Structure formats: structure tokens, C-alpha cells
Amino acid sequence: MYRYDEFDRTLVSERVAQFRRQVARRLTGELSEDQFKPLRLMNGLYLQLHAYMLRINVPYGCLSSAQLRALARIARRYDRGYGHFTTRQNIQFNWIALADAPDIMADLAAVEMNTMQSSGNCVRNVTADHYAGRAADEIEDPRVWCELLRQYSILNPEFSYLPRKFKLALTGSPHDRAAVAVHDIGLRMYRDEQGRPGFEVIVGGGQGRTPAIGKTIRQWIEPRHIILYVEAILRVYNLYGRRDNIYKARIKILVTALGIDRFRELVDAEWEQIRATGPVIDDAERARIQACFAPPDYDRAAAGDDPSPAAGISDPAYDAWLRSNVVAHKVAGYAIVNLSLKAPGRVPGDLAADKMERVADLADRFSCGELRINHRQNLSFVDVRRRDLPVLWRALSTLELATPNIGLASDIIACPGLDYCSLANARSIPIAQDLSRHFADTDKLQQVGSLTINISGCMNACGHHHVGNIGILGVDKRGAEFFQLTLGGSADENPSLGDRLGRGLPQADVPAAIERIVDAYLALRGDDETFLQTYRRVGIEPFRAVVYEPQGTTRQVA
Amino acid sequence: MTTLIKDGQAAKDIYLRIDGDDPIPDGGALLVSLPVWQDHWQRLTRRPDPIGVVLASHEHPEVIADDLENFAVIALEFPTFRDGRAYSYARLLRDRYGFSGELRAIGDVLLEQLHYMERVGFNAFELAGDDPLAELETARGDFSVWYQGAVDGRRPASVLRQARTSASK
Amino acid sequence: MAQMLIANRLIDGRVVFRAADGNWVTDIDAGQLIDDNAVADSRLADARTDESDNLIIDPCLIDVAALGAAHEPAVLRESIRAHGPTIAVER
């Protein structure tokens, strides 16, 4: 993974020192809250319902075991012993004291992590396919471009006060695991007609209260031009994005207002201006960064390993885990293993400090000391020798991290919701807990198959409800929590936004409604059809009928 | 009360601000709004004293790109510190339109933003506060490493890395 | 329904309630119930002074019911602020 050199280290430690001075000025009253708030937000420090919340970047999802141990120490020393992995490859701590924040940032800097620009109207953490560099279906590892974009965006003098936040996601694989179509800029690698790898540039996607699938602004661009092309987009956005209304300030609103063709004209005109004289990506610098992502020394003998190691295990739970949680690796004899943070009844994305340390130990033992976090709030070991799978499965099982549900109904995304978040209208976590208990049965899970359920506690959509096959949005109705369902959303390479099913349901009715939707799908599905495929074939009406007119009858109104 | 800082020094602001229907005096340096410039440029350019123009945050410098030789100063307004358009304007004025005179940040200019502003080409700031010069020095000292090239000539980390690598060979 | 002043403490962000003696306390049961609107406005003005003195952030009045010695906010959001998340913490 990327390692800081003296320049990165200096920059991050200078940022910590700067923030330490700012916190001191705030505590003495030299800075008012109005003056201080944008400064703390640009360092990832929010004030939430119970305390300050610190959001830490895990750039493009890559985390070392040493970093995870540092997070565990922070969780124990400064928080309440746990952290929350988010949908943007960040980890959040919920119980932070303002006075401690500079020390935490210094501890993070010591393990080459930071919180810079994890909030604010600037370019946020650059996210990527969590299997980057390892997936069997990948064209090229996108992480060198991720890191170049990360460095380009950090403290960028021109683009740190954009109209609104700005999110970038990259995938080097035709199978999109990074939800690139719902980002301000999404970069999807594919080969052109001559077989050259390049990026499709997608712009203006996003979720929130005005969800949009991004539009292709450029079919194919050579990767070495990507920084300048992003600069052209950022400049057009910085100059012409709306600043009069916070709800209309994202780039998606500008792209929609101008139309993608007019927006492309502006960007291409800007790009023509800068491409001759602008900074090109230095080959030596690129090579330096590329070297950080060199794969580990794989054991060539691994190719001769039994491709489906059972090693005496005749446990259906192991088989289910192999099917759901283990993914093909580009090197023979190795596998990618997903750690599910979605055991029945657990809080999606939360991990206790003790478990962080156990996971770090397992990463050292089984996966070259590295792991990944992904936008579905799970972890991945990306370099596991297949013959180690049974041992690893047992170890993960004792930690409750081997639930065989990756991509299945109980692998639920949930934002922190009203239990933590000051923006939320309703609680997301209890719904996720109910549903994951409801889908606790492995056979049922496997029978239902691929199904994403995403829950947001408000229309800001941190829980990605718009792109869940089943989306659940918490709303406040005169002081009571209600939940609106959407169906048919998808964040993969064929993205779509969910369609609203109907009026909101009280919390107690949500599991039964989901059950009816799933049962309707099972009754309607064709051979090997996923929920999404069935939904796209039959439309919303059959599902609306089973939720709002159970047993085929409309309730009599007295 | 604001203090003008120019090229790192406290400076006396010799410019009289002219906007709307303000009368245009016959003598003295003037800093005029864009509409005043557009309405009275012939008269203004006949005067011997220096002229500057103020651009509000919605006024793209493209509209004065052909007039730059007339201006000793261009002042770009930050109506609120959140409005970042002037960072791009400054960069375009320096990089694309070749303006080499004084580029002044006015309005809601915060200490924490100075290093960004210097990097995109501002060399003058109207700052509030008791001792803005001392604060400027503090703000300037915050960072010694930058990832991006910009218009201030400071070399980004990528260039320094390669220079170091070459030197060690 | 009675009202109570709630805020977050500046230094650590913790949820605090204004007690009758003017101190900010973390226990809602120790917070002062205010029945009179004029008194509430006056206490809110005091709280804003505490805010400008950098003790607390975002003070506001919330509706609170008295259940014997226990105090319970009328709205779920404020109840969660008073008592913490409604879910068990990950272990």
C-alpha cells in the first residue's frame, strides 16, 4: 500500500499542528463557533447528538494491520471502545472530545493516516473498488491514480472552497464495486477498441435529496490525463456551480441544469486550455507510487493447492461462507475473503477495539498485513492463500465475522441514523438489526440470493437507500419514525435509482413488508433471476400489491 | 477596520473605492467597480493616476481580459469565505490572462485561507483584526509542503521528490 | 409541558442540561424544569451568555415531562441525546 515519505509526513504533521493551534484558539474563545466550525469540519470533526464525531480517511479503502491496531487504541483511549466503518471508506468515532482531537490526529499521523477533508466543501476521501489490484476481473489496479488524485486534492489551493462537497470513486474493473455512477466524478476503467486501458469519465452522479445517476462526459481518456481532466471539471464546477442554495449546489444540479452536452463543452474547452501547459503526471512520480502497490511475493507453489480446500470440514456453514464471502483472486491459489460486519443483530459497520486487534492479527497471519474496507461496510482480506481458508474461517467464526451473507439480504448498509447523527430523522440501526435477525437463516439467505438492502435515516442518503435493491428511508411524521421503501435501485455497472413503493410504514411493520416483498420475488422469479432482474422484468406493481394489499384484499375502511 | 497587507508588508491603501453613482474625482488612484469601469473607461483611462477594478464574485475576469494593461490592481471579492470562485479567478488572471499587477483579496478574508490565496496568485489582502501582519506570518508558517503546483512558484512535493532522487544518484 | 435547556459542552461535546443553579450537568434529572415562558426566555438568554463565554454550544429549549423525579424529553431525538443510543454497543 502507499507509504508516506518525508513530504507526506511533514504535510500531515503540519496540518495537525495547525489544527492544534486552532483548537486552542477556540477553547480560549479567540475563535467563535461560527469561525471554528468550518475549520474543524475540514479536519473531519463534526458535532453530533452526543459528542464530537471524528471521521478518518481510509484512502481507497486500504488499511494496514498497524493502522487498524492504532484505530483500536484510539477507540479505547479516546472513545468508547468501538468504531464505525462508513459507506465512503472512512471510519468514524462517535464519542470524541474536542480537546483530544489534536492528539488523536497526531496518533493517526504516526501510522500514516489523517482526517483531512473528510468533511467540508472540498474533494473528499477518494474511494475505489475494495478489491483493487487483486480482483480476477480487473483490467488494471486503479490505486496509483487514486493516490495521485488524493495528493492532487489535499489542500488544493483552488478547489478547497467548492460550492459543495465533492466525491470521487474509481474502479479498475468492468464490474463496478465502487458505485462510481453515484459519485460527483466516477472513473471506470475499460479497454478501447485498440485494447488500451483508459477511464470512462462519469460526472454528476449522487444521492441525497436529489439522487442522480452520473452521465458519461468522456467515453475514454488515457489515464495519464486524468488529473488535468478532473481539474477542468472542478474549475467549471467551482466557477458555475450554484452557491445560493445548499440543496442545489452539488455538481449534479449543474450538470442537469446545463445538460451534459453543454457541460461537456465547457469542460472540454477548459481542458483544451490547460492540457498544453498544465502539469502532466511525472513518470518518475507515477513509478514511485506504483511501486507502493506492487503485489506481495506470492508463493508460486500455491497454484498447485487444492482449488477448493475443505481440509476435513464438512460443515454446510463453511460451504455457504465459501460461496458468499470468498471471491476469485487474480493469482492462482489465492483468494479474497470478505469479513462480514453484519452478523444477525449487530450494528452494521461497527467493530469493537478488541476485534480490530484480532482482525489485525489475522491480517498479519493470513493476508500480508493488509486489509480493505468497502462501501458496504465490510472488511476484506485480499491475499489469502486458499489452503488457509478453513483455518481462517474458524478464526473469523469465533469473532462473529464469518456470517455467510456478503451481497445477500442480511448484508445491510445502515447509516448511524438518529441513534448518533444530528441530521437524522429516524433510527436506521434498529431496522437493520431487526432485518438481519429476520434473515438469520443461512438457507433462506442463499435461497433469496443476491439482494442489497440499504437504510438511510434521512434524505441525505448516507445509507445509499436510493441504490439499494430495497431501499429504506427514515422520515419523521409528526414526531414518529416512518420508513419509505424504494425498490429496484442498484449501484453496480448497470446502475438505477429505486422507485418509491408507497406511503411510509411504521417501524414495526417494516420487517413484514420486506418479507412480503421477498416472498413475492420468490414466487415471481424466473430461473436464476436475481431480485433486481425480476423487479426490472415485472415492475413495481406486484410488490406494491403485496405490501399494501396483503392477501390480495384491500382492507375495508370502517 | 481593515489593514492592507501587500507582498507581506503592511501597506497604505492609496486607492479610493468608486462604485455606483459615486463621483469620479479628477485626481488620485481609484479602485472602481466593474460597472463603473464599463461605463466610464474612456474617462478613466485619460486620467494619469493608477486605476484598479473590483470584481464581485459573480463577475468572471474574462470580461476584462482585454483591459488588463489598464489596471494596477485587481481586487477580487469574497462575499463570504465559503464562496471560492475567486480562487479560480485569481488563477486564471495570473496563468491564462497574464495579469502581473497587484491581485488583492477583499471581503470575508480569513487567516486560514491566506496560504491558499497566495498559492493561486493573490499578493495583497485586506484583513480584519488587531495585528494582521503577525497573523499573516503565523498563517504562512503553517505549511512547508504542497502537493500541487500553482502560480506562486513553490515547487510541489512531486518535483522535490524527483530533485532529491536525482541529487542522491 | 415544562421546558428545559439543553446544549453540548464545548470542550467535549457532551450533552448537558442547565440546572437551577446555572451549572450545566450531564444528568437530565438534575436539569431545571421551567414552567413559565418568560422564565424560559430569560434562562435561554443566560445560556447564550454561557455560549459566548465558550462553555457550551447550541443551547435550546426542549419540552420535557416530569415522571416523578425522572425527566423525559417529549421528542425521541432529545430523548436519545439525554440517554444515549437506543441500541446496544458493539462488543
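One can find the structure itself at the top, above this paragraph.
Residues numbered from 1 in each chain as written. Chains lettered and ligands numbered in written order. Predicted model: local features only at pLDDT ≥ 70, side-chain atom pairs only at ≥ 80, totals over all residues. Heavy atoms only, no water.

**Focus: the overall build of chain B**
Each helix and strand in chain B was counted, giving five helices and eight strands. Of the regular secondary structure in chain B, the N- to C-terminal order runs β-β-β-β-α-β-β-α-β-α-β-α-α. Here the C-alpha coordinates of chain B stretch approximately 65 × 35 × 30 Å along the principal axes. The buried share of chain B, taken over its 169 residues, is 51%. (Helix = DSSP H or I, 4+ residues; strand = E, 2+ residues; numbered from the N terminus. Buried < 20%, exposed > 50% of the residue type's maximum accessible area, 1.4 Å probe, protein only.)

**Topic: the pairing of strand β7 (residues 168–171) of chain A**
All names here are of chain A. What you see with β7 is no split at all: L168 and L170 on one side and A169 and T171 on the other are buried throughout. The pairing of strand β6 (residues 127–128) with β7 spans two bridges and is parallel. Considered in β7, the bridge of T127 is made with A169. Between the parallel pair β6 and β7, the chain is carried across by helix α5 (residues 143–153), and the sense of this crossover is left-handed. Two strands pair when backbone bridges link them, and β7 and strand β8 (residues 185–191) are joined in this way by four bridges, in the parallel orientation. Bridge pairing links L170 to L187 in β8. (Pairing = 2+ DSSP bridges. Right-handed = clockwise from strand over helix to strand, strands pointing away.)

**Observations regarding the interface of chain A and chain C**
At the interface, 33 residues of chain A touch 23 residues of chain C. Of the roughly 2400 Å² buried where chain A meets chain C, counting both sides, 58% is carbon and sulfur surface. It is L47, L49 and H50 of chain A in chain A that bury the most area against chain C; as a group they hold 21% of the surface buried on that side. For the pair chain A and chain C, the number of links is zero salt bridges. Applying the counting criterion to the chain A and chain C interface returns eight residue pairs in polar contact (both at pLDDT 80 or more). When contributions to the side of chain A that touches chain C are tallied by element, the ones reaching two or more residues are α1 (6–27), β5 (90–96), β13 (350–352) and α13 (429–438) of chain A. Along the lines of polarity and charge, the residues of the side of chain A that touches chain C split into 18 nonpolar, six polar and nine charged. (Contact = heavy atoms within 4.5 Å. Buried area = accessible area lost by both parts, 1.4 Å probe. Salt bridge = Lys/Arg side-chain N within 4 Å of Asp/Glu carboxyl O. Polar contact = N/O pair within 3.5 Å; in protein donor to acceptor, adjacent residues only side chain to side chain. Nonpolar A, V, L, I, M, F, W, Y, C, P; charged D, E, K, R; others polar.)

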